[in-house]
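Residue-level structure breakdown
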Amino acid sequence: MLESLSGHGGLVLLRDSVEWEGRSLLKALIRQAALRGEQIQVLGCEVSEEEFREGFDSATNSQLVYHDLFQDPLNWSNTGEALPGAPLGVLRAMRRRAGPGPVTIALDSLSWLLLHLPCSALCQALHALSRQDSRRDDSSPVEHVCVLGLLHEELHGPGPVEALSTLAQIEMTLSGTGGQVSAHILYRRPQHRPTHKIQWFSILPDFSLDLQGECPLKSQPHSDPRTHPVDPTTHLTFNLHLSEKEKEVKDSLTLPFQFSSEKQQALLCRGLGQPTSRIFYEPDAYDDLDQEDPDDDLDI
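These remarks concern the structure in this document.

Rules of the game
- Residues numbered from 1 in each chain as written.
- Predicted model: local features only at pLDDT ≥ 70, side-chain atom pairs only at ≥ 80, totals over all residues.
- Heavy atoms only, no water.
- Core = buried A, V, L, I, M, F, W, Y, C linked by side-chain atoms within 4.5 Å.
- Buried < 20%, exposed > 50% of the residue type's maximum accessible area, 1.4 Å probe, protein only.
- Helix = DSSP H or I, 4+ residues; strand = E, 2+ residues; numbered from the N terminus.
- Contact = heavy atoms within 4.5 Å.
- Phe/Tyr/Trp six-rings, centres within 6.5 Å; stacked < 30°, edge-to-face > 60°.
- Lys NZ or Arg CZ within 6 Å of the ring centre and 35° of its normal.

Next up on the list: the nonpolar core. Of all hydrophobic cores here, the largest spans 30 residues; its most connected members are Ile30 and Phe52. For this core, the secondary-structure elements that each account for two or more residues are strand S1 (10-16), helix H1 (23-35), strand S2 (39-44), strand S3 (64-68), strand S5 (145-152), strand S6 (170-177) and strand S7 (180-187). Apart from the residues within four sequence positions on either side, phenylalanine 52 is in contact with Leu26, Lys27, Ile30, Val42, Val47, Leu64, Tyr66 and Asp108. By size, the runner-up hydrophobic cluster in this structure holds 28 residues, among which are Val103, Leu114, Val145 and Val147.

The next point concerns the environment of glutamate 19. Within the element layout of this structure, glutamate 19 appears in the loop between S1 and H1. The exposed category is assigned to glutamate 19, whose relative accessible area is 60%. With 155 residues separating them along the chain, glutamate 19 and leucine 174 place their C-alpha atoms 9.2 Å apart.

What follows concerns the packing of aromatic side chains. Summed over the entire model, instances satisfying the criterion amount to 3 aromatic pairs. Ring geometry for phenylalanine 52 and tyrosine 66: centres 5.7 Å apart, planes at 50 degrees, overall tilted. Here phenylalanine 52, found in helix H2 (residues 49-53), pairs with tyrosine 66, found in strand S3; they are 14 residues apart in sequence, far enough to count as distant. In this structure tyrosine 66 comes out as buried when scored by relative accessible area, which is 11%. Through successive ring pairs, a cluster of aromatic residues spans Phe52, Phe56, Tyr66 and Phe207. Seen from the ring of phenylalanine 52, lysine 27 lies directly overhead, with NZ or CZ sitting 5.5 Å from the centre. In this structure, lysine 27 packs its charged tip against the face of phenylalanine 56, placed 5.2 Å from the ring centre.

Moving on to the environment of glutamine 180. Within the secondary structure, glutamine 180 is located in strand S7. On the accessibility criterion, glutamine 180 (44% relative accessible area) is partly exposed. Counting along the chain gives 32 residues from glutamine 180 to glutamine 212, while the straight-line C-alpha distance between them is 9.6 Å. The contact partners of glutamine 180, leaving out residues within four places of it in the chain, are Trp20, Ser175, Trp200 and Gln212.

Structure follows, in structure tokens:
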């Protein structure tokens, strides 16, 4: 499933963290799109073009069109090379500059864009960018557009993260254990229940993916895989579990309200010489006993 992510139209949201970076996975998905012969446009905001292209082979680099917002995001040098209205104008112009056929647009990163644009404006631009039924012009339809967006979710509050998550058709949250990397993949399809999977993988130096198996999960509300479950019995002052010896003592205990066979035999087989129980009651001087209303003192 991980190998074909960039082949789907719509927004693919890559959620990384300080511990598990996602730029390498972004470049691996770009390489796969290049192998399929798709047009590739990259909006680079956090690293230079030279650093981003490093590690790609010549064939991938030749297909990659890089829009640089890292070196001169506001076009202060006035070279005329930057797209107008950056950065929002760059997003709107990238789709128009694409030729016919499938297009993969990589945004490195959405976190940078969120720091320079209102969340609502960015979401509207992403929605327009990833619509499959839109056209470059009046006559040339685009077969599909896949938008790969890298998000450093630790930099943002829950509001922007949830807004972008709502737009995404595919959502990947990176985590891992030890030296192994895993991706929790949430795949949304129209008129279908969301599909959850955990994919273990490694990224080779040439940015090819080495898939190491996947684990399907039941469809359920998306939860953060980095959130560890909390044991509610950790800090209790008493023990909820019994040892084997304590279980034996508990099972052999006869409770006072239980009418056991021993009690039954004691009542039925009482000896003739044994005294029977009696109750003696001597009225108090202040007792007001009314035989017609014995509950008069209860005020009911």
